[in-house]
Amino acid sequence: MTLSRRKFLVKTSLLGCSAAASPLLTPLTLAAAPGDNRLVVIILRGAMDGLDVLRPIGDPDFSRHRPTLGTTQGAQDLDGFFALNDALGALMPLWRAKELGFVHAVSTPYRDKRSHFDGQDLLETGRNDPDGTPKAGQSGWLNRALALLPNARLETAFSVGAARMQLLDGDRPYSAWNPGAELALSPQAEALLTRIYADDPLFAASARRAMALSGQSDGMGGGRAEAAKNLAAFAAERLNEETRIAGFSIGGWDTHSGQSRNLPRALGQLSAAILALKAGLGRNWQRTTVLAITEFGRTVAENGTGGTDHGTGGAMVMAGGAINGGRVFAQWPGLSERDLYQNRDLEPTDDVRRYLGWALRDLFGMQASALEASVFPGLDMRENVGIIA
Amino acid sequence: MPTRPEITQAARFEYGIRPDQPRFPGSLMAQLSGPDPLDDTMPVTRTAARMAELQKLRAARADAPMLQQAKRALRQQASTDMMRILARMVRNPRGFRERLFAFWIDHFTVSPNRANEVFLLAAYFEDAIRAHIGGSFADMLKAAITHPSMLFYLDQSASVGPGSPVGQRRSRGLNENLAREVLELHTLGVDGPYTQADIRQFAELLTGIGIGPEGMRFVPNRAEPGAESILGLSYGGGGAQLADILGFLDDLAIMPATARHLAQKLAVHFIGPAPPPDLVADMAAAYLATGGALPALYEVLTQHPSARAALFPKVRPPFEYIATALRALDVDADIIAGATAREANRLGRQLTAMGQKPFRPGGPDGWPEAAESWITPPQLAARISWAGQLARTYAKEQDPRMLLSALLGNTAPAALSFSVRGAESKSVGVALLLASPALMRR
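The rules behind these values
- The numbers attached to residues start from 1 for each chain and follow its sequence in the written order.
- Each chain takes a letter, starting from A, and each ligand takes a number, starting from 1, following the order in which they are written.
- Only residues with pLDDT of at least 70 are given local features in this predicted model, and only at 80 or more are side-chain atom pairs given and counted; all residues enter the totals for whole chains, interfaces and linings.
- Here the side-chain values reflect all heavy atoms present in the structure, with hydrogen atoms and water set aside.
- A run of DSSP states H or I qualifies as a helix once it reaches four residues; a run of E qualifies as a strand once it reaches two. Both are numbered from the N-terminal end.
- Any residue under 20% of the maximum accessible area for its type is buried, any over 50% is exposed, and the rest in between are partly exposed; the area is computed with a 1.4 Å probe on protein chains only.
- Pairs of residues are marked as contacts when any of their non-hydrogen atoms sit within 4.5 Å.
- For the area figures, the Shrake-Rupley method with a 1.4 Å probe applies, and any residue is considered shielded solely by the protein chains shown.
- Here the radius of gyration uses the C-alpha set of atoms, whereas the globule reference equals 2.2 Å times the residue count to the power 0.38.
- The charged-residue count follows a simple rule in which Lys and Arg add positive charge and Asp and Glu add negative charge, with His and chain termini not counted at all.
- The location of each charge is read from NZ of Lys, CZ of Arg, CG of Asp or CD of Glu.
- When two rings of Phe, Tyr or Trp (its six-membered ring) have centres within 6.5 Å they constitute a pair, described as stacked for plane angles under 30 degrees, edge-to-face for angles over 60, and tilted for the intermediate range.
- Axis lines are fitted to C-alpha atoms, over the contacting stretch for helices. Their N-to-C directions set the angle, which ranges from 0 to 180 degrees.
- Roughly parallel refers to an angle under 35 degrees, roughly antiparallel to one over 145, roughly perpendicular to one between 65 and 115, and oblique to any angle outside these ranges.
- In a left-handed crossing the near helix is turned counterclockwise from the far helix by less than a right angle, and in a right-handed crossing that turn is clockwise.
- Just so you know the grouping, Ala, Val, Leu, Ile, Met, Phe, Trp, Tyr, Cys and Pro go in nonpolar, Asp, Glu, Lys and Arg go in charged, and all remaining residues, Gly too, go in polar.
- As used here, buried area is the combined drop in accessible area, with a 1.4 Å probe, of two parts when they are placed together.
- Put simply, a salt bridge is a Lys or Arg side-chain nitrogen that is within 4 Å of an Asp or Glu carboxyl oxygen.
- Here, the term nonpolar core denotes a set of buried Ala, Val, Leu, Ile, Met, Phe, Trp, Tyr and Cys residues that are joined through side-chain atoms within 4.5 Å.
- Note that the domain bounds reflect an automated or database-derived domain assignment.
- Any N or O atom pair separated by 3.5 Å or less is treated as a polar contact, with the protein-specific requirement of one donor-capable and one acceptor-capable atom, and with residues adjacent in sequence counted only for side-chain atom pairs.
- In this analysis, the expected span of each helix is defined as 1.5 Å times one less than the number of residues it contains.
- Arc definition: it is the arc formed by the directions from the helix axis to the C-beta atoms.
- In short, DSSP must find at least two bridges between two strands for them to pair.

Secondary structure summary: chain A contains eleven helices and twelve strands in total. For chain A, the proportion of its 389 residues judged to be buried stands at 58%. Sequence separation of 24 or more characterises 73% of the internal contacts of chain A that already satisfy a separation of 6 or more. Surface accessibility of chain A: about 14,300 Å² in total, with carbon and sulfur atoms responsible for 50%.

Quick look at the overall build of chain B now. Helix and strand counts for chain B come out as 23 helices and four strands. Taking 2.2 N^0.38 as the reference for a compact globule, 442 residues should give roughly 22 Å; the C-alpha atoms of chain B span a radius of gyration of 23 Å, in line with that estimate. Per-residue burial for chain B yields a buried fraction of 60% across its 442 residues. In chain B, 74% of the contacts between residues at least 6 apart in sequence involve partners at least 24 apart. Distance between charge centres in chain B, computed from 47 positive and 42 negative side chains, equals 7 Å.

Glancing now at the packing of aromatic side chains. In the structure shown here, the tally under the stated rule is 24 aromatic pairs over all chains. Centroid distance Trp95 of chain A to Phe102 of chain A: 6.1 Å. Interplanar angle 35°. Geometry classified as tilted. Using a relative accessible area of 1% as the deciding quantity, one classes Phe102 of chain A as buried. Between Tyr321 of chain B and Trp386 of chain B, the ring centres sit 5.8 Å apart and the planes meet at 70°, which makes this aromatic pair edge-to-face. In this pair, Tyr321 of chain B is assigned in helix H16 (residues 318-328) and Trp386 of chain B in helix H19 (residues 377-394), connecting sequence segments 65 residues apart. In this structure, Tyr321 of chain B and Trp386 of chain B share a single accessibility class: buried. Site record: aromatic cluster; members linked through ring pairs are Phe13, Phe96, Phe103, Trp104, Phe108, Phe137, Phe270 and Tyr298 of chain B.

Residues and elements named next belong to chain B. As a packed pair, helix H13 (residues 256-270) and helix H15 (residues 294-303) sit with axes 11 Å apart at the nearest point and diverge in direction by 40°. One finds that H13 runs oblique with respect to H15. The two elements H13 and H15 cross, and the hand of that crossing is right-handed. Along the contact surface, H13 presents Leu262, Ala263, Leu266, Ala267 and Phe270, while H15 presents Leu297, Tyr298 and Leu301. Partitioning the contact of H13 with H15 into residue classes produces eight nonpolar, no polar and no charged.

For the rest of this paragraph, the subject is the interface of chain B and chain A. Across the boundary between the two partners, chain B contributes 71 residues, which contact 55 residues of chain A. Across the chain B/chain A interface, buried area totals approximately 5,500 Å², and carbon plus sulfur atoms make up 62% of it. Summed over the three residues of chain B that lose the most area to chain A, namely Pro377, Pro378 and Arg392 of chain B, the buried surface amounts to 10% of that side. Viewed at the interface, chain A and chain B are joined by two salt bridges. Among the salt bridges present, the one from Asp200 of chain A reaches Arg441 of chain B, with a minimum N-O distance of 2.5 Å.

A few words on the pattern of salt bridges. Taken as a whole, this structure holds 45 salt bridges over all chains when the rule is applied. Measuring nitrogen to oxygen at the nearest pair gives 3.0 Å for the salt bridge that ties Arg353 of chain A to Asp351 of chain A. Considered together, Arg353 of chain A and Asp351 of chain A belong to a single accessibility category, that of buried residues. Connected via shared salt-bridge partners are Arg114, Arg344 and Asp345 of chain A together with Glu176, Arg180 and Arg200 of chain B.

Once that is clear, we can look at the nonpolar core. Nonpolar side chains tend toward joint burial in soluble globular proteins. One finds Tyr197 of chain A together with Trp104, Phe108 and Tyr298 of chain B to be the most contacted residues of the largest nonpolar core, which totals 145 residues. Of the residues that make up this core, three or more belong to each of domain 1 (28-253) and domain 2 (318-440) of chain B. Every residue in contact with Tyr197 of chain A, bar those within four places of it in the chain, is listed here: Phe203, Ala204 and Ala207 of chain A together with Leu380, Ile384, Ala435, Ser436, Pro437 and Met440 of chain B. Ranked by size, the runner-up nonpolar core spans 49 residues in total, among them Phe82, Leu213, Leu239 and Trp285 of chain A.

Attention now goes to the domain arrangement of chain B. By convention, interface size is frequently given as the accessible area that disappears when the constituent parts associate. All names here are of chain B. By the assigned domains, chain B splits into domain 1 (28-253) and domain 2 (318-440). Each of domain 1 and domain 2 has a C-alpha centre, and the two are 32 Å apart. At the interface, 29 residues of domain 1 touch 24 residues of domain 2. Where domain 1 abuts domain 2, roughly 2,200 Å² becomes buried across the two surfaces, and 65% of that area is made up of carbon and sulfur atoms. By the criterion of area lost to domain 2, the three top residues of domain 1 are Met83, Leu86 and Val90, representing 28% of everything that side buries. Taken together, the links from domain 1 to domain 2 amount to three salt bridges. Across the pair Arg91 and Asp332 runs a salt bridge whose closest N-O atoms are separated by 3.5 Å. At the junction of domain 1 with domain 2, the criterion picks out six residue pairs in polar contact (both at pLDDT 80 or more). Elements represented by at least two residues in the side of domain 1 that touches domain 2 include exactly helix H4 (64-91), helix H5 (95-107), helix H6 (115-129) and helix H10 (177-186).

Take helix H3 (residues 47-59) of chain B next. Residue and element names in this part refer to chain B. With 13 residues, H3 should reach 18 Å at 1.5 Å per residue; the first-to-last C-alpha distance of 18 Å fits that figure. If you check which residues of H3 are buried, you get Thr47, Arg50, Met51, Leu54 and Leu57. The arc that holds every buried residue of H3, seen down its axis, measures 110°, which confines them to one face. Exposed residues lying more than 90 degrees from the buried face of H3 are Ala48, Lys56 and Ala59. Buried positions along H3 lie against H4, H6, helix H8 (148-153), strand S1 (209-212) and strand S2 (215-218).

Residue and element names in this part refer to chain B. As paired strands, S1 and S2 are joined by four bridges and run antiparallel to one another. What sits directly across from Gly212, in S2, is Gly215. Linking two consecutive strands that pair antiparallel, namely S1 and S2, is a turn of two residues.

When you tally the buried positions in H10 of chain B, you get ten out of ten residues, the bulk of the element. Every buried residue of H10 of chain B is listed here: Asn177, Leu178, Ala179, Arg180, Glu181, Val182, Leu183, Glu184, Leu185 and His186 of chain B.

Time to look at the pairing of strand S8 (residues 245-250) of chain A. All names here are of chain A. Counting buried residues along S8, five of its six residues qualify, which places the element largely inside the surrounding structure. Examined bridge by bridge, strand S1 (residues 38-44) and S8 share six bridges and lie parallel to one another. Within S8, the position partnered with Ile42 by the bridge is Phe248. Alignment of strand S6 (residues 157-160) against S8, held across three bridges, turns out to be parallel. Across the sheet, Ser159 pairs through a bridge with Gly247, a residue of S8.

So, in structure tokens, the structure goes:
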């Protein structure tokens, strides 16, 4: 081998034929899209501290649990009881326009082991088992919801970003793309690759989508907030076309230490993503609901390292022109010792899946009984929570 | 031309075939005996040396230009270390050893956030993991859990016993992150026989472990006083001492739930998502019978009939895939080891696009195992693009038809043979071969 170091992995055009990129499959709009309403689900991975995002400053016990994190500094009052973390300050115009809202003291049915991985598994599969042990082959609740949507097609639901989302995995077809990925093949190379993949369904399906989608979006750049913004902007592009349901993830919420520095970084990404959705969706923002959910909340008391540990009850962030915003939905459990879950966590007073279920029902006309039977098994949806305007 | 058993073994347990390299003689287990010559010919930084450099960095804090220069040098070394890890995989005829290395660094995941953690990472891999691949699990567990990298990553360095002198004086407290992940991920498994109370008690037992100038340091003044009761057993109670913590880890390493968890995880990694239950049970039994010897697990794993099946349900994750592709093209490992920081960064961006930001998994549970996690449309697009670039760089010295036969012998699927032969140029032919499931599955 006599190749020089300079030649190792030099940047070249892909297979030398980038000008000849021609998607084998172009998505065609043939049937009417299933309604005009749009839903964006953001998974906040790492367990967002709802008590710091939306501080219950009206609760007399709050500041006692959180000597450094529980002050009114760095937060602005929303309704006399809750104050919003300043890192979401850019969203205040939305709050005033009733396009931003929150649900507090909620959780999935997951209890006690407080594992991120099981917690996220339960959050995305929508299952009902408190011990949260992952089961192989579980589909995501949003995928099962697609089955209840008449005329749902490949483009109806879109998973955005490099990682596969369990939320959308399952039997129903959906689309996935990472804005910034690109693939340019000569028609001949593309045909041969299609032939090679024909006997391997996993590779065949992914390659088909990659060939269809490549070159439809600009690349990604910049820091984390920029990356979240790009995911949101791409989601908005798709939602302006045939897509009605989009999902992506934002990480960085596992604030075991230095929370006053680390949480604002994650909130900055969420804020940038919501504003990019609003900007990108234009008039369609009025028909849009954004729900940002997390696997569980964090301990009520701050720990010895200026952070918080894995807890139970937490909060959901809502945005969009379609929501009944400008308010915090909560049956507040209180924060005195006897009110806490296992003497340490915010007691969840409601199942977050009720809010997800009623949003699906109000946005897409899915029957509550069908949602209880197949999307959120074991859930009693009871009366409408009223988060959609 | 390689035989079918050789191709199967290279796919399932190694980094594929390297055409210019004779097969390592003997069984897979033979690859584990004796020292690995590559540890000396392609060395990476060790913990003691790196801790000393981090000390110097701290000393240079006041001198901004010098600090910048020292940091730049450390970044360069960290990048060189990472490329050497890749180069070892590309060169090593003991491929099973390298695959086990990748498995165990993932089992004991450290995903650095801060600069100091990035600088220490390769030393952690070397001293805590690589040194123990063929030894006892208890030794690896103790080395990993007490290494500064792990102590930083899972916040143990900041955890203080609330009743300890330091905890009382500075009103600092417990952080249960490390205790939880050791039980959930490293030993018993999430289904294991432990409760929140065990986590809390274990977190109290762990207090006192921290980081000093030379590495892990036990500070009795930070340790929670009194005995801890974990999983029904009692530890400590005398004066606070490191030996109590190590004693618990020794016990934890040979609990039946730990044996099952390790056996299941290895079997899922090397065989498939639903490994035969008899295989997992036999592995766990052999492990317990030897008092926790890792080779006992490997021996049962590699000799089970399912290890020889020519069915490949798994997909190589991106880092493993690029090592396999570089071997397939006989790329000189010295070129990789000598890559510039710019080249290393570009490779890092390409791996990120494939879904695996190098050595930075999203959480302490490491990278996903499922094939579906690695072949989404954007990830596959990134693999195909990279394969195309690699093929263009190296295709001149390759005849795709010869390469096909050197890598896959008589086992190449008909559609792959047809396509590689029918490609419009040598580089497209090589690219198609590299982008095929035959090179990505195992």
